[in-house]
Amino acid sequence: MSLVALSACTSHAIAGPVTVARPSASPPSPSVSPSVSPTPSTPPKRGTLEWYVAQVPEFPPLPPTPQLREAIKPGEPPFWLRVPTDQKVAFITIDDGGLARPEDVPAFIRSAGIPVTMFLNSPAATAHTDYFKEIEAAGGVVENHTISHRSLPGLSYSSQKHEICGSADKLEQLFGKRPTLFRPPFGDHNDTTMTVAHECGAKAVFYWSETVDKGIVRYQTPEKILHPGDVLLMHFRPALMDDLLAALKAIHKAGLTPALLEDYVG
Ligand SMILES: [Zn+2]
């Protein structure tokens, strides 16, 4: 099985890939003859956790030190479609949290060592805290995506502040760490959004470079290839296992390695 190669370069780095336990469901066949040779191991069944883990490509190691082309100015969170880095990395982000939470996802992320950033709505995080804590324990990081997922530019300063700071407060209470990154619902934002995001603790505000849904990566550029620093957006939806695998394959095809967003901008 191939695993994500990760170097322990920062406090957020995942502590190395974990070997997936082989399925314990296949008991040793009763030995009629003591001289019988061991049966070759059967490949994992398609769609099982072991199958997904076995499909993960092997990646080049991460750069030892994350580097940005442009520094983040204190007090002025940038709005980024991709991370300004020339290093051969891309970033996986998973949004929302209320719709679906496939049960094998935390184990897949842990077993394959997939770095993920979760932009959660605080009510979903409240209702399903254990699930997101499981992903957090596997190396994932929880970030802010408002309370109610309304488009922000039509809202007043105080309403935007309620949506962004209210969610950050709740996520900090649930997970013991205040979010440092923010993604506005639908990517919609105005100057007020950026001001409020800063006031609520965001160091950077994110859009995305590609989306992934139902196991298909959708590119915004005609050449259909990822670029260094690209941010892939997917959601907590029923096909999240396929979305994660499709993202990993696309990252590998582009000669990149999945990295954790917070290691670059957190
Ligand atoms: Zn969303």
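Nothing here was measured: the structure is a model prediction, and the numbers come from that model.

## Side note on the coordination of the zinc ion
- For the zinc ion, every protein donor is listed as Asp 96 (OD), His 145 (NE2) and His 149 (NE2), and the spread of their distances is 2.0 to 2.1 Å.
- You can call Asp 96 buried: its relative accessible area is 18%.

## Thoughts on the pattern of salt bridges
- For the structure on display, the rule yields nine salt bridges.
- Close ionic contact of Asp 86 with Arg 69 constitutes a salt bridge, the shortest N to O distance being 2.7 Å. Here Asp 86 is found in the loop between strand 1 (79-80) and strand 2 (89-96), whereas its partner Arg 69 is found in the loop between helix 1 (49-55) and strand 1, with 17 residues between them in sequence.
- Overall, the relative accessible area of 58% leaves Asp 86 in the exposed class.
- Among the residues examined, Arg 69 registers a relative accessible area of 52% and is labelled exposed.
- We note a salt bridge from Glu 199 to Lys 161, for which the minimum N-O separation is 3.0 Å. Here the residue Glu 199 occupies a position in helix 6 (residues 191-199), and Lys 161 occupies one in helix 5 (residues 157-175), the gap between them amounting to 38 residues.
- Exposure remark for Glu 199: the relative accessible area of 38% places this residue in the partly exposed category.
- Each member of the salt-bridge network shares a partner with another, and the members are Asp 169, Glu 172 and Arg 178.

## Description of the packing of aromatic side chains
- A full pass over the atoms with the stated rule returns nine aromatic pairs.
- Arranged with centres 6.2 Å apart and planes meeting at 45°, the rings of Phe 79 and Tyr 207 form a pair that is tilted. Remark: Tyr 207 occurs in the loop between strand 6 (204-206) and strand 7 (210-213) and Phe 79 occurs in strand 1; sequence separation between them is 128 residues.
- Since its relative accessible area comes to 23%, Phe 79 is described here as partly exposed.
- Assessed through its relative accessible area of 23%, Tyr 207 is described here as partly exposed.
- When the centroid spacing of 6.2 Å and the interplanar angle of 75° are considered together, the rings of Tyr 131 and Phe 236 count as edge-to-face. Of this pair, Tyr 131 sits in helix 4 (residues 129-137) while Phe 236 sits in the loop between strand 9 (231-235) and helix 7 (240-253), and the two are 105 residues apart along the sequence.

The rules behind each value
Residues numbered from 1 in each chain as written. Predicted model: local features only at pLDDT ≥ 70, side-chain atom pairs only at ≥ 80, totals over all residues. Heavy atoms only, no water. Donors = N, O, S within 2.8 Å, 3.2 Å for Na, K, Ca; no water. Buried < 20%, exposed > 50% of the residue type's maximum accessible area, 1.4 Å probe, protein only. Salt bridge = Lys/Arg side-chain N within 4 Å of Asp/Glu carboxyl O. Helix = DSSP H or I, 4+ residues; strand = E, 2+ residues; numbered from the N terminus. Phe/Tyr/Trp six-rings, centres within 6.5 Å; stacked < 30°, edge-to-face > 60°.

Remember that the coordinates give geometry; whether it matters functionally is a separate question.
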